[in-house]
Amino acid sequence: MKAFNYCPRCGHEGLDWSESKRWTCGRCGFIYFHNVASAVGAVLLHCDEILLTVRKHNPAQGMLDLPGGFVDHHESLEQALSRELNEELKVVVSENEWCYLFSFPNLYHYAGITYYTSDLFFLKELEAKPEITVGDDVADAVWVRIKDVSPDRVGLDSVRSALRELQKVKR
Ligand SMILES: [Zn+2]
């Protein structure tokens, strides 16, 4: 990945990107690790239906997604998921209500940079459908029967893998 051409410390041209996740400067010794970022996704179920969002922005604008997003600094996975769910849909789920399901790696291409993420998915089964207010970061939210979700309409590889897993167990 050639996103960075100059050393941010000394300005030397030609940062070395030879070790897949590490940039190094041959002049001043600067090292930057492009480490894996954590992201979380919510599997909200009501009977045999799952709550999906429609992506408002790229990557994968207009494609289906799960509610969720990147984990902030100093935040637990569960806190991040409750925060994202509230920001995106104004749905409140407490951080201690999430049940961990599985994780999948993902590549997230944004503004010329490829982020390597570890996407972790958590379940919350709902007795009733909550009231939803779509926030600024998503285009729409829809309830879909799990078996009717078409993988082709899902934007991110990790979310597609998660939905395939759910379709296996909920068939
Ligand atoms: Zn340098």
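Reading the values: rules and limits
- Residues numbered from 1 in each chain as written.
- Predicted model: local features only at pLDDT ≥ 70, side-chain atom pairs only at ≥ 80, totals over all residues.
- Heavy atoms only, no water.
- Donors = N, O, S within 2.8 Å, 3.2 Å for Na, K, Ca; no water.
- Helix = DSSP H or I, 4+ residues; strand = E, 2+ residues; numbered from the N terminus.
- Buried < 20%, exposed > 50% of the residue type's maximum accessible area, 1.4 Å probe, protein only.
- Domains from an automatic or database assignment.
- Contact = heavy atoms within 4.5 Å.
- Buried area = accessible area lost by both parts, 1.4 Å probe.
- Polar contact = N/O pair within 3.5 Å; in protein donor to acceptor, adjacent residues only side chain to side chain.
- Nonpolar A, V, L, I, M, F, W, Y, C, P; charged D, E, K, R; others polar.
- Pairing = 2+ DSSP bridges.

Participant: Could you give me a rundown of the coordination of the zinc ion, with the residues and numbers involved?
Facilitator: Donor atoms from the polypeptide that bind the zinc ion are Cys7 (SG), Cys10 (SG), Cys25 (SG) and Cys28 (SG), placed at 2.3 to 2.4 Å. Motif for the zinc ion, donor spacing along one chain: C-x2-C-x14-C-x2-C. With Cys7 in the segment before β1 (22-24) and Cys25 in the loop between β1 and β2 (31-33), this residue pair connects regions lying 18 residues apart in the sequence. Look at Cys7 and you get buried, because its relative accessible area is 4%.

Participant: Got a sec to walk through the domain arrangement of the chain? Specific residues and values, please.
Facilitator: Once the domains are mapped, the chain shows domain 1 (1-35) and domain 2 (37-169). On the domain 2 side, the residues contacting the 5 residues of domain 1 number 6 residues. Contact between domain 1 and domain 2 buries roughly 410 Å² in total, counting both sides, with carbon and sulfur atoms accounting for 67%. Among the residues domain 1 hides against domain 2, the three largest losses belong to Met1, His34 and Asn35. Together they make up 71% of the total. For the pair domain 1 and domain 2, the interface holds 2 residue pairs in polar contact (both at pLDDT 80 or more). In the side of domain 1 that touches domain 2, the residues fall into 3 nonpolar, 2 polar and no charged.

Participant: So, the pairing of strand β8 (residues 113-125): which residues are in play, and what are the values?
Facilitator: As defined by bridge partners, strand β3 (residues 37-46) adjoins β8 across 9 bridges and the pair is classed as parallel. The partner of Leu45 across the bridge, within β8, is Glu125. The pairing of strand β7 (residues 99-110) with β8 spans 11 bridges and is classified as antiparallel. Looking at the pairing, Leu107 lines up with Tyr116 of β8. Here β7 folds back onto β8 in antiparallel fashion, the turn holding 2 residues, of which Ala111 has a positive phi close to 50°.

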